[in-house]
Amino acid sequence: MGEFEVDGEDKLIVAAKYLVKELRSGKSLTKNAKKVLGNLLLELSRVVIAEDTQDRDEEDEIGEIEERLNVVSEKIMTREVDESMIWDLGSDEGNLYLDAVNELRSLIDRLDGSEELSLRKAHDVLQTGMARLEDEFKHLLVENRLPFELEHSSFRSIEADHGVEEESMASFGAASTEDLILGSNNDSRRNSGDIVVDLVSPDVILDLKNIVNTMIASGYDRECIQVCTMVRKDALDEFLYNHEVEKLSIEDVLRMDWATLNTNIKKWVRVMRDIVQVYLLSEKSLDNQIFGDLNEIGLTCFVDTVKAPMMQLLNFGEAVSLGPRQPEKLLRILEMYELASELLPEIDALFLDHPGSSVRTEYREVMRRLGDCARTTFLEFKSAIAADVSSHPFPGGAVHPLTNYVMNYLMALTDFKHTLDSLLMEHDDAEDLTIPPSPDIINPVMVEEESTYENSSSPEKFLAMTRHFYSITSVLEANLQEKSKLYKDVSLQHIFLLNNIHYMTRKVLKSELRHIFGDKWNRKHTWKFQQQATEYERATWLPVLSFLKDDGSGSGSGSGSGSGSKNLRPRERFQGFNTAFEEVYKAQTGWLISDEGLREDVRTKASMWVIQAYWTFYRRHKNSVSERYIKYTTDDIERLLLDLFAGSSKSLNNSYRR
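Nothing here was measured: the structure is a model prediction, and the numbers come from that model.

**A short note on the confidence of the model for the protein**
Move 1: Of all residues in the protein, 79% attain a pLDDT of 70 or more, and the chain-wide mean is 83.
Move 2: Low confidence marks residues 432-447, where pLDDT is under 50. Its contacts with residues over four positions away, or in another chain, come to 30 contacts.
Move 3: Below a pLDDT of 50 lies the segment residues 454-459, which in the model reaches ten contacts outside its immediate sequence neighbourhood of four places, other chains included.

**Regarding the side chain of Ser 607**
Move 1: Its place among the elements puts Ser 607 in helix H21 (residues 596-621).
Move 2: Ser 607 has contacts with Gln 612 and Leu 641, leaving out every residue within four places of it along the chain.

**A closer look at the nonpolar core**
Move 1: Phe 137, Ile 275, Phe 351, Leu 413, Phe 469, Trp 541 and Phe 577 are the most contacted members of the largest nonpolar core, which has 168 residues in total.
Move 2: Ignoring sequence-local partners within four residues, the contact set of Trp 541 consists of Tyr 536, Phe 581, Val 584, Ala 606, Trp 609, Val 610, Leu 641 and Leu 644.

**Some details on the pattern of salt bridges**
Move 1: Across all of its chains, the model carries 30 salt bridges by this definition.
Move 2: Here Glu 477 ties to Lys 528 by a salt bridge, and the two come within 2.8 Å at their closest N and O atoms. Here Glu 477 is found in helix H17 (residues 463-484), whereas its partner Lys 528 is found in helix H19 (residues 513-545), with 51 residues between them in sequence.
Move 3: Salt bridges linked by common partners bring Glu 318, Glu 365, Arg 368, Arg 369, Asp 372, Arg 375 and Glu 426 together as one network.

**Description of the packing of aromatic side chains**
Move 1: Evaluation of the coordinates by the stated rule reveals 21 aromatic pairs.
Move 2: For the pair Phe 148 and Phe 239, a centre-to-centre distance of 5.0 Å together with 85° between the ring planes defines the contact as edge-to-face. With a gap of 91 residues between them, Phe 148 in the loop between helix H4 (116-143) and helix H5 (177-180) and Phe 239 in helix H7 (residues 221-242) connect regions that are remote in the sequence.
Move 3: Seen from their ring centres, Tyr 405 and Tyr 409 are 5.5 Å apart, and the 25° between their planes marks the pair as stacked. Of the two residues, Tyr 405 and Tyr 409 both sit in helix H13 (residues 401-413), four residues apart, roughly one turn of that helix.
Move 4: Taken together, Trp 541, Phe 574, Phe 577, Phe 581, Tyr 614, Trp 615, Phe 617, Tyr 618 and Tyr 632 form an aromatic cluster joined through their ring pairs.

**Description of helix H11 (residues 330-350)**
Move 1: Taking 1.5 Å of rise per residue, the 21 residues of H11 would be expected to cover 30 Å, and the 29 Å separating its terminal C-alpha atoms lies within 8% of that figure.
Move 2: Along H11, 16 of the 21 residues are buried, which leaves the element largely enclosed by surrounding structure.

**Observations concerning the side chain of Thr 419**
Move 1: Within the secondary structure layout, Thr 419 lies in helix H14 (residues 417-425).
Move 2: Given a relative accessible area of 12%, Thr 419 falls into the buried group.
Move 3: Engagement of the side chain of Thr 419 in a polar contact is seen with the side chain of Glu 338, the distance being 2.6 Å.
Move 4: Discounting residues that sit within four places of it in the chain, Thr 419 has contacts with Leu 334, Tyr 337 and Glu 338.

**Thoughts on unusual backbone geometry**
Move 1: Its identity as a non-glycine residue notwithstanding, Glu 244 has a phi of 60°, on the positive side.
Move 2: Along the polypeptide, Glu 244 turns up in the loop between H7 and helix H8 (250-254).
Move 3: Even without being glycine, Phe 645 reaches a positive phi, approximately 65°.
Move 4: In this structure, Phe 645 sits in the segment after helix H22 (634-641).

**Quick look at the environment of Leu 107**
Move 1: Along the polypeptide, Leu 107 turns up in helix H3 (residues 91-110).
Move 2: Separated by 41 residues in sequence, Leu 107 and Glu 66 place their C-alpha atoms 8.5 Å apart.
Move 3: Those residues within four positions of Leu 107 in sequence are excluded, and the remaining contacts are Ile 65, Arg 68, Leu 69 and Val 72.

Rules used throughout
- Note that residues are indexed from 1 along each chain, following the sequence as it is written.
- Totals for whole chains, interfaces and linings use every residue, but because this is a predicted model, local features are given only for residues with pLDDT of at least 70 and side-chain atom pairs only at 80 or more, for both listing and counting.
- Side-chain numbers here rest on the full set of heavy atoms in the structure, without hydrogens or water.
- Summary of the metric used: pLDDT quantifies the predictor's per-residue confidence within the range 0 to 100.
- It only takes one pair of heavy atoms within 4.5 Å for two residues to be counted as in contact.
- Working definition: helices are DSSP H or I runs of at least four residues, strands are E runs of at least two. Numbering for both runs from the N terminus.
- What we call a nonpolar core is a set of buried Ala, Val, Leu, Ile, Met, Phe, Trp, Tyr and Cys residues that are connected through their side-chain atoms within 4.5 Å.
- Relative accessible area decides the class of each residue, using a 1.4 Å probe on protein chains only: under 20% of the type maximum gives buried, over 50% gives exposed, and in between gives partly exposed.
- Think of a salt bridge as a Lys or Arg side-chain nitrogen and an Asp or Glu carboxyl oxygen that are within 4 Å of each other.
- Stacked, edge-to-face and tilted are the three classes for Phe, Tyr and Trp ring pairs, Trp counted by its six-membered ring, which pair at centre distances within 6.5 Å; planes under 30 degrees apart are stacked, over 60 edge-to-face, the rest tilted.
- Every helix has an expected span of 1.5 Å times one less than the residues it contains.
- N or O atoms closer than or at 3.5 Å make up a polar contact, with two conditions inside protein: a donor-capable atom paired with an acceptor-capable one, and, for residues adjacent in sequence, both atoms drawn from side chains.

This is how it looks when you write it as structure tokens:
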């Protein structure tokens, strides 16, 4: 009431008191005064009647409200006696209950604060109704939950055939063929677009939405979120359990052996893709349907539902990134990092708003750690190659397991060429290309390969990857050079290098590696293994054939030395040749060239060297030397040369006759 109104009322009271006093004084009134007092009496009567009418109306309204309160309260409380779920009787029954609750809330708003008893009773009934709606809401969510099933597996096949020999993995690291070969068909990964599956039966979505609207309008939004979060989180936990995803601490993961960790990583990749691309999208869609325009509440429910399971998966990724940097782990870690990078836009979209910012931040941090782990593991791989020291020569001069492992490893890495090149591009090149601890061993080959890299135009665009692959193969070649020195026989040294460099070149030419290394590297290494073949021929056959030279010049190197052949008679030369040839045969039938084409090439060139020289000498001296000194014909020699490099040592009987 304003100051003017207060002053006016005070004046009115003063005037009324004065009027009463004058009337009681007994003074006679004039006609005009009587008229004024009559009008005053009329106005006073009208005011009193109006106030009485208003009081009666208010009393009638309160009575009507209380009557309706009794009716709706009875409807609500009657359900408390019946233990059956309301919505099991149908949506119509549920809507009638919601109407009663909504009317009760409206009546509470209309009640005057003076009706304290009725108001307290109404609030008690409303609280009972809210508790019932909580139960009904939970019941509908639980009973109408649909299983999450996908027809197709979403992770890349690891059984794609790169032609990797299983036994080649045994001596370097703990990896197997499956560990190395993850499959080259990256296009096989599912491109989900916006796949949304029904996690709850669509038939009850409207009922759930109606319950939510009533509870939130009544101020029970917190209880509503708690119920929805609890039920939906149980569903997500069940999904993880069904897919054998365990709740593991970082310590649990770090204690795992490689076989167990490998299995768990494969599960992680499969489940992570399904959860992010389909499950979370479907969960968010469900929350949007249930909460409708209540966007902030829906987002809160979504994040509260999925945060703990997502953190469980991210903790596993973090644990993997903290483990030892072992070569066999690299491909799996790259697979995890590549998937995390691929899913990043979807994570950002799912957790765009403030409630999900912590999930988004943690996801990016784990992805960064996986990338760092992959890059460091790759860089340390070169150190592992350089440190692979042998104390004994590898039997038969065959392809060494280290060569087999490294080349198959590089082949498998081409499946991740975009990812790996990007990670290596971030690394300071000056820090990682001078790894070997023994520069006197490694540097000559590395300098040569660096020159090849600098002078070649790298194919496609994988510059960082090309540079590092050049470095790895140069480290491998330097290591092989050292391993070749373990053979006492110079010829076998050349066979060993021939086998291994040829294997490297063949792996490059017949795989995606050819796009990384380029034509110049291929040509250079083709020349290298051909040069080793030539050196083998000289080391092996020049000493043997020196016995067939009439000038008697001989060489004292290699198998079957022909030293001392000078001034020998033809008979003695045949005998010297026979002995030298038989020594070569006995030794080199036990040597192994596993590549059939290469083996035939080396045999053919040996035949050309030996048979031509033997035939020329035989034709010149056959009439002057007794047949008992001529043990072999050219056909014999040609046939015997076909036994070389088969990996099974043989010897010729001294009584051999054609």
